[in-house]
Amino acid sequence: MVKIVIDNAIPYVKGVLEPFCRVSYIDGREIGPGDIRDADALMVRTRTKCDATLLSGSRVKVIATATIGFDHIDTEYCRSAGILVTTAAGCNARGVLQWFGAALAYASGVQGWRPGDMTIGVVGAGNVGSLSAIYGRLWGFRVLCCDPPREKSGLPVPAGEVYVPLAEIARLCNIVTFHTPLTFDGPDATFHMAGAGFFERVRPGTVVLNASRGEVVDPQALFRAVTNGLCTAVIDTWEHEPDIDTGLLENALLATPHIAGYTAQGKANASAMSVAALSRFFGLPLDDWYPYDRVPQVVPRAIAWDDMRCTVPLYFDIAAQSALLKSHPEDFESIRTSYDYRQEYF
């Protein structure tokens with residue numbers, strides 16, 4: 001019988017695969033070589049480093065990560081070892097959109113601006129970035145997008161106009177939001193893409209948001225820019241999580257513990273996509289499984305700026321979440337793990 005090892009923090013999946021497989025649930029941070037030696041598959045999150053150290057000598061043939069990113073997985077090793085890797089790309093795009101809207105609503109109230117006064121630069125126009133661009137324009141912002149790989153591939157700009165380089169995003173935008181994967185190689189590598197050179201170009205007072213990966217924005221360069229009054233920071237993802245930069249935390253306008261996409265719907269989507277991937281690989285009758293009994297689905301809809309600004313705190317009090325993390329940075333991981341998934345509503 002197929003054996004699957006699952007991160008015990010992945011929600012909604014307990015009991016789903018058991019009729020067809022042997023299943024073992026383990027803390028994702030604790031999954032080790034001995035736990036997977038006789039496993040055929042893994043279902044993980046970002047807290048499990050899937051590389052040769054973990055996988056060598058095992059019989060694992062498929063890894064389903066219930067996350068949109070895969071920088072915790074050594075894809076080159078998996079390719080050489082014949083291990084299929086699947087992600088849940090797009091699963092939490094509307095959850096991150098909600099975080100983005102909540103952050104903008106809060107910042108506008110504190111800083112006293114309206115969308116018509118501002119230009120948003122969206123860096124990374126994939127599942128999350130494209131929604132941010134589309135809703136940003138709907139809310140009345142001017143929107144510019146930067147995504148060299150998509151531009152080279154001929155993919156359209158989500159909010160119209162044309163793609164612009166990162167340097168132009170810095171020069172022209174009052175708000176810059178990062179939604180890229182983390183990559184280290186090639187001409188379009190995203191590691192520390194927002195570094196000292198980027199912050200030297202930003203307009204005074206620029207709001208910089210990061211809900212991609214912490215390493216996309218150089219924390220030291222961002223800290224210097226914030227403390228020198230060049231920009232305001234809104235951060236959800238951090239370099240070296242859970243050991244985050246407390247100086248940057250203290251000086252951020254808003255700080256959350258990597259929960260931008262933590263909605264019930266986003267988590268249900270991720271779990272369903274992971275189960276479906278394993279179902280297809282092993283020929284199980286679970287391709288269309290979804291926890292309908294526990295998570296209501298939401299029909300996506302347009303929402304005007306004033307309506308969103310007034311209602312989003314009812315679903316997501318981003319200021320309270322930020323205050324909690326600022327008061328207890330040492331509890332980053334436990335705050336994240338125990339987070340009560342919020343409901344999407346647009």
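Scoring rules and cut-offs
Every chain is numbered on its own, with residues counted from 1 as its sequence reads. Totals for whole chains, interfaces and linings use all residues, but because this is a predicted model, local features are given only for residues with pLDDT of at least 70 and pairs of side-chain atoms are given and counted only at 80 or more. Only hydrogens and water are removed before side-chain values are computed, so all heavy atoms of the structure are retained for them. Nonpolar cores were defined as sets of buried Ala, Val, Leu, Ile, Met, Phe, Trp, Tyr and Cys residues, with membership established by side-chain atoms within 4.5 Å. Burial classification: accessible surface area is computed with a 1.4 Å probe over protein chains only, and a residue below 20% of its type maximum counts as buried, one above 50% as exposed, and the rest as partly exposed. Going along the chain from the N terminus, every DSSP run of H or I of four or more residues is numbered as a helix, and every run of E of two or more is numbered as a strand. We call two residues in contact whenever any of their non-hydrogen atoms come within 4.5 Å of each other. Centres within 6.5 Å make a pair out of two Phe, Tyr or Trp rings, where for Trp the six-membered ring is used; the pair is then stacked when the planes are under 30 degrees apart, edge-to-face when over 60, and tilted otherwise. To sit over a ring, a charge needs its Lys NZ or Arg CZ within 6 Å of the ring centre and within 35 degrees of the ring normal. The pairing criterion for strands is at least two bridges between them, as found by DSSP. To get an axis, fit a line to the C-alpha atoms, keeping to the stretch in contact for a helix; angles then go from 0 to 180 degrees between the N-to-C directions. Here is how to tell: hold the view so the strands point away, follow the path from the first strand over the helix to the second, and if it runs clockwise the crossover is right-handed.

Caption draft 1: Seen up close, the nonpolar core. Core analysis: the biggest nonpolar cluster contains 43 residues, and Trp99, Leu104, Trp139, Phe141, Ile175 and Met308 have the highest contact counts within it. Of all elements in the fold, only helix H4 (93–111), strand E6 (119–123), helix H5 (127–138), strand E7 (142–146), strand E9 (206–210) and helix H12 (305–315) reach the threshold of two or more residues within this core. With ten residues, H4 is the largest single contributor of residues to this core. Residues contacting Phe141, with those up to four places away along its chain left out, are Leu104, Trp113, Pro115, Met118, Ile120, Gly136, Ile175 and Trp305. Counting residues in hydrophobic clusters, the runner-up holds 34 residues, among them Leu166, Cys173, Ala233 and Ile235.

Caption draft 2: View of the packing of aromatic side chains. In this structure the tally under the stated criterion is 17 aromatic pairs. In this structure, Arg342 is placed above the aromatic ring of Phe316, and the distance from its NZ or CZ to the ring centre is 4.1 Å.

Caption draft 3: Representation of the sheet that holds strand E4 (residues 62–65) in the model. If you walk across this open sheet you meet the five strands as E2-E1-E3-E4-E5, and the pairing is parallel. Of all strands in the sheet, those with a lone pairing partner are strand E2 (22–26) and strand E5 (84–86), marking the two edges. Each strand of the sheet is rotated relative to its neighbour by a mean of 15°, with strand direction disregarded. Bridge analysis of strand E1 (residues 3–7) against E2 gives five bridges, and the strand direction is parallel. Each residue of the ladder has a partner; that of Ile6, found in E2, is Tyr25.

Caption draft 4: Examining the pairing of E4 more closely. Along E4, one buried face is formed by Val62 and Ala64 and the opposite face, lined by Ile63 and Thr65, is buried too. Sheet topology places strand E3 (residues 41–44) next to E4; four bridges connect them, and they run parallel. Bridge pairing in E4 links Met43 to Ala64. Note on the crossover from E4 through helix H3 (residues 75–81) to E5: the handedness is right-handed.

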